[in-house]
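Secondary and tertiary structure notes
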Amino acid sequence: MTEGTIDTMEKGAIRTEADIARALVALMEADPRLGPVLARAGEVPLRRSAGGLRGLLGTIVAQQVSRASADAIFARFAQEVDLDDASALNAAPDEALRRAGLSRPKMRTVRAIAEAVSSGSLDFNRLQRLDAAGAIAEMTAVHGIGRWTAECHLLFALGHPDVFPAGDLALQIAVAHALDLPERPKEKPLAAIAALWSPHRATAARLFWSYYHALTRRDAAPVEPEIEPRPGATNCA
């Protein structure tokens, strides 16, 4: 194994509800402030999503649309193209992507992802071995993939145990309320707070999404940042 890589299975990858339960115990021991957060949040779901090319495409499709719309577009997309085959995606005509309902920016991102996979510059097997920083760097090098999208893919598709999407609006709101902060923390301050929950930041993120749901009675899915630095950041659950 090269320097800068990890075996996520050995480092506590999140695969099952039991993995969540164990990480929650460790979080409560590391930061007693999280006890009341868990009591209010209730169930902390696994929320795993598909991996590989199909999973990342699903994340892109869901950008800035309702879940129902995303599901409908993705179903049409899967009818038009084999979403597990980057070569088929490269060969698909623009008209097929338009029929599926993809916007022009999403079409550009989808094309860029397919090209990166075909060339080997984006390798989903390699992503599983890289540490979070390395995996995020590889993903965000592709046009249309921002940091938040990459973090959510690592968290939900790969089960990475130590990723916290600090740019996520719902997490910012939840942490501010739960920890009684004077104002909602922006991305960098929230990342500094979340560092206290390493190496279980992915479970902490799930915990605070559940807390957000308990506060608002809304779906506990990630919420896009208020300002996306690059096109392609998406609803990732």
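Preceding block: the structure.
The sections below set out a description of the structure shown in this document. (Residues numbered from 1 in each chain as written. Predicted model: local features only at pLDDT ≥ 70, side-chain atom pairs only at ≥ 80, totals over all residues. Heavy atoms only, no water.)

**Topic: the overall build of the protein chain**
Operational definition: The secondary structure listing takes helices from DSSP runs of H or I that are at least 4 residues long and strands from runs of E that are at least 2 residues long, numbered from the N terminus. Burial classification: accessible surface area is computed with a 1.4 Å probe over protein chains only, and a residue below 20% of its type maximum counts as buried, one above 50% as exposed, and the rest as partly exposed. We call two residues in contact whenever any of their non-hydrogen atoms come within 4.5 Å of each other. The Shrake-Rupley method, run with a 1.4 Å probe sphere, supplies the accessible areas, and residue values consider only the shown protein chains as cover.
The number of helices and strands found in the protein chain is 13 helices and 0 strands. Starting at the N terminus and ending at the C terminus, the protein chain contains elements arranged as α-α-α-α-α-α-α-α-α-α-α-α-α. Taking all 237 residues of the protein chain together, the buried fraction comes to 49%. Sequence-distant contacts in the protein chain: of pairs separated by 6 or more residues, those separated by 24 or more amount to 66%. As displayed, the protein chain has an accessible area near 10900 Å², and 53% of this comes from carbon and sulfur atoms.

**Observations concerning the nonpolar core**
Heads up, the rule is: By convention a nonpolar core is built from buried Ala, Val, Leu, Ile, Met, Phe, Trp, Tyr and Cys residues, the set being connected through side-chain atoms within 4.5 Å.
Phe77, Leu89, Leu102, Ile113, Leu122, Leu127 and Met139 are the most contacted members of the largest nonpolar core, which has 34 residues in total. Residue assignment for this core shows that the elements contributing at least two residues are helix H3 (52–61), helix H4 (67–80), helix H5 (86–91), helix H6 (94–100), helix H7 (104–119), helix H8 (124–129), helix H9 (132–140) and helix H10 (147–156). Excluding its chain neighbours within four sequence positions, the residues that come into contact with isoleucine 113 are Leu53, Leu56, Ile60, Leu122, Val142 and Ile145. Among the nonpolar cores identified, the runner-up in size contains 32 residues, and Ile20, Leu24, Val44 and Leu207 belong to it.

**What to know about the pattern of salt bridges**
Inclusion rule: One speaks of a salt bridge when a side-chain nitrogen belonging to Lys or Arg is within 4 Å of a carboxyl oxygen belonging to Asp or Glu.
Applying the stated criterion to the full structure yields 9 salt bridges. For aspartate 19, the salt bridge goes to arginine 22, with nearest N and O atoms at 2.4 Å. One end of the pair is aspartate 19 and the other is arginine 22, both in helix H1 (residues 17–30) and 3 residues apart, which spans about a single turn. Here arginine 22 falls in the exposed class, since its relative accessible area comes to 53%.

**As for the packing of H9 against H10**
Defined as follows: A fitted line through C-alpha atoms serves as each axis, taken over the contacting stretch for helices, and the angle formed by two N-to-C directions is quoted from 0 to 180°. By definition in this entry, angles of less than 35 degrees are roughly parallel, angles greater than 145 are roughly antiparallel, angles of 65 to 115 are roughly perpendicular, and the rest are oblique. Helix crossings are classified by the rotation of the near helix relative to the far one: an anticlockwise turn of less than a right angle makes the crossing left-handed, while a clockwise turn makes it right-handed. Amino acids are sorted into nonpolar (Ala, Val, Leu, Ile, Met, Phe, Trp, Tyr, Cys and Pro), charged (Asp, Glu, Lys and Arg) and polar (every other residue, Gly among them).
Running from amino to carboxyl end, H9 crosses H10 at an angle of 125°, the nearest separation of the two axes being 9 Å. Considering the angle they form, H9 stands oblique to H10. Of the two possible hands of crossing, H9 and H10 adopt the one that is right-handed. Contacts from Ala132, Ala135, Ile136, Met139 and Thr140 of H9 reach H10 at Arg147, Ala150, Glu151, His153 and Leu154. Its residues assigned to classes, the contact of H9 with H10 comprises 6 nonpolar, 2 polar and 2 charged.

**Some words on the packing of aromatic side chains**
Short version of the rule: Pairing of aromatic rings covers Phe, Tyr and Trp, the last through its six-membered ring, and needs centres within 6.5 Å; plane angles under 30 degrees mean stacked, over 60 mean edge-to-face, and all others mean tilted.
Applying the stated criterion to the full structure yields 4 aromatic pairs. Both rings, one in phenylalanine 164 and one in tryptophan 197, keep their centres 5.8 Å apart while their planes meet at 50°; by these two values the pair is tilted. Of the two residues, phenylalanine 164 sits in the loop between H10 and helix H11 (169–178) while tryptophan 197 sits in the loop between helix H12 (187–194) and helix H13 (201–216), which places them 33 residues apart along the sequence. Each member of the pair phenylalanine 164 and tryptophan 197 is classed as buried. Put simply, the rings of Phe164, Trp197, Phe208 and Tyr211 touch in pairs and so form one group of aromatic residues.

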